[in-house]
Amino acid sequence: RGGPSFPVMVTINPQDGAQDEVAAAEAAYLQTMLYNLVALLVIFEVLRAAVKVFFIATQSWDSALTEFYAFLTPFGLTYIGAKHRDKNVLFFNVISSGFCFLFFLTVTYEIVVNFFSAPDAAQSDGVGDTITAEERRLCSEDPECDEEELKIYLRHPLDAIPELAITVLFGVLVFYTYKLWKHPTSNQEMRVVSI
């Protein structure tokens, strides 16, 4: 009945003996999509943290773990909301995942634009310079800012690839969470209603 269009790690089967087989199949499909989207998000978030810590060295382990912990909220809301088809949890997941989508959209946009745009010659004061005079000025005012790390952060393509995937996955997660929230079998009592 039109299962997920990508390789799945978890498959939810329709409820046995359901009176409305179409609604049961649709609910199982939406739950399958949400479980697999959140699994892919966790994989890409771990990949993003590993790239920042090991390859481009723009983040320490403790800040990477703090960021990962912050993104556990939509991951947990997705799992619990999909499992129980609870309208309240799904509603808060739409909001939480929507904010994460907007956050990653702005960060990814900034990284991609900075990577593909050459610094303006009027703002750059050196040959082969990769940061603008304004970025250099802001970095000089911050005692924790290092110009070399800033150059890597602004120009490294490995930073944008996992974040672009996470942006797309959060957008799709919002869409499917909203669809399950609107599904007639979703309720506000944290229990799966018979179909």
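Conventions used here
Residues numbered from 1 in each chain as written. Predicted model: local features only at pLDDT ≥ 70, side-chain atom pairs only at ≥ 80, totals over all residues. Heavy atoms only, no water. Helix = DSSP H or I, 4+ residues; strand = E, 2+ residues; numbered from the N terminus. Contact = heavy atoms within 4.5 Å. Areas by Shrake-Rupley, 256 points an atom, 1.4 Å probe, with all protein chains shown as cover. Axes fitted to C-alpha atoms, helices over the stretch in contact; angles between N-to-C directions. Expected span 1.5 Å × (residues − 1). Buried < 20%, exposed > 50% of the residue type's maximum accessible area, 1.4 Å probe, protein only. Arc of directions from axis to C-beta. Core = buried A, V, L, I, M, F, W, Y, C linked by side-chain atoms within 4.5 Å. Parallel < 35°, antiparallel > 145°, perpendicular 65-115°, else oblique. Left-handed = near helix turned anticlockwise from the far one by under 90°. Nonpolar A, V, L, I, M, F, W, Y, C, P; charged D, E, K, R; others polar. Salt bridge = Lys/Arg side-chain N within 4 Å of Asp/Glu carboxyl O. Patch = residues over 30% accessible without salt bridge, like charges linked within 9 Å, V, L, I, M, F, W, Y side chains within 5 Å.

S.K.: Provide a residue-level description of the overall build of the protein chain, including the pertinent values.
M.R.: Broken down by element type, the protein chain carries seven helices and zero strands. Start at the N end of the protein chain and walk to the C end: the helices and strands fall as α-α-α-α-α-α-α. Of all intrachain contacts in the protein chain linking residues separated by at least 6 positions in sequence, the fraction that spans at least 24 positions is 71%. Approximately 11100 Å² of the protein chain is accessible, and the part contributed by carbon and sulfur atoms is 65%.

S.K.: Explain the packing of helix H2 (residues 61-70) against helix H3 (residues 72-84) to me, and be specific about the residues and the numbers.
M.R.: Running from amino to carboxyl end, H2 crosses H3 at an angle of 35°, the nearest separation of the two axes being 4 Å. Between H2, through Phe68, Tyr69 and Ala70, and H3, the contact on the second element is made entirely by Leu72, Thr73, Pro74 and Phe75.

S.K.: Let's hear about H3: which residues, and what values?
M.R.: Relative to the 18 Å expected for 13 residues at 1.5 Å per residue, H3 spans 18 Å between its end C-alpha atoms, a close match to the ideal helical length. Turning to H3, its buried residues number three or more, namely Pro74, Phe75, Thr78, Gly81 and Ala82. Along the axis of H3, the buried positions cluster into a sector of 145°, meaning they face one direction only. Backbone geometry just downstream of H3 places arginine 85 in the positive-phi region, at approximately 50°.

S.K.: Describe the nonpolar core, and please don't skip the residues or the numbers.
M.R.: In this structure, Leu34, Leu41, Phe75, Phe170, Leu173, Tyr176 and Leu180 are the most contacted members of the largest nonpolar core, which totals 19 residues. Mapped by element, the contributors of at least two residues to this core are helix H1 (21-55), H3, helix H4 (87-116) and helix H7 (157-182). No other element matches H1, which puts seven residues into this core. Setting aside its immediate chain neighbours within four residues, leucine 180 contacts Leu30, Gln31, Leu34, Gly81, Ala82, Arg85, Leu90 and Ser186.

S.K.: An account of the packing of H1 against H2 is needed here, citing residue identities and associated values.
M.R.: Their axes nearest at 10 Å, the elements H1 and H2 cross at an angle of 160°. As far as their axial angle goes, H2 and H1 are roughly antiparallel. When you trace H1 past H2, the crossing you get is right-handed. In this structure, H1 uses Val42, Glu45, Val46, Arg48, Ala49, Val53 and Phe54 to contact H2, whose residues at the interface are Trp61, Ala64, Glu67 and Phe68. Among the residues forming the contact of H1 with H2, the class breakdown is eight nonpolar, no polar and three charged.

S.K.: Tell me about unusual backbone geometry, and name the residues and values.
M.R.: Even without being glycine, arginine 85 reaches a positive phi, approximately 50°. Note that arginine 85 resides in the loop between H3 and H4.

S.K.: Give a description of the pattern of salt bridges that names residues and reports values.
M.R.: Across all of its chains, the model carries five salt bridges by this definition. One salt bridge connects glutamate 163 with lysine 52, and the closest N-O pair in it is separated by 3.6 Å. Of this pair, glutamate 163 sits in helix H7 while lysine 52 sits in helix H1, and the two are 111 residues apart along the sequence. For the pair glutamate 163 and lysine 52, one class covers both residues: buried.

S.K.: Can you tell me about the environment of valine 8, naming the residues and giving the values?
M.R.: Structurally, valine 8 can be placed in the segment before H1. Apart from the residues within four sequence positions on either side, valine 8 is in contact with Thr32 and Asn36.

S.K.: Give me the lowdown on a nonpolar patch on the surface, citing residues and values where you can.
M.R.: A cluster of nonpolar side chains, Phe91, Phe92, Ile95, Phe99, Leu102 and Leu105, forms an exposed patch at the surface whose accessible area comes to about 590 Å². Judged by its relative accessible area of 36%, isoleucine 95 is partly exposed.

S.K.: Tell me about the environment of arginine 136, and name the residues and values.
M.R.: Topologically, arginine 136 is positioned in helix H5 (residues 133-141). With relative accessibility at 18%, the residue arginine 136 sits in the buried group.

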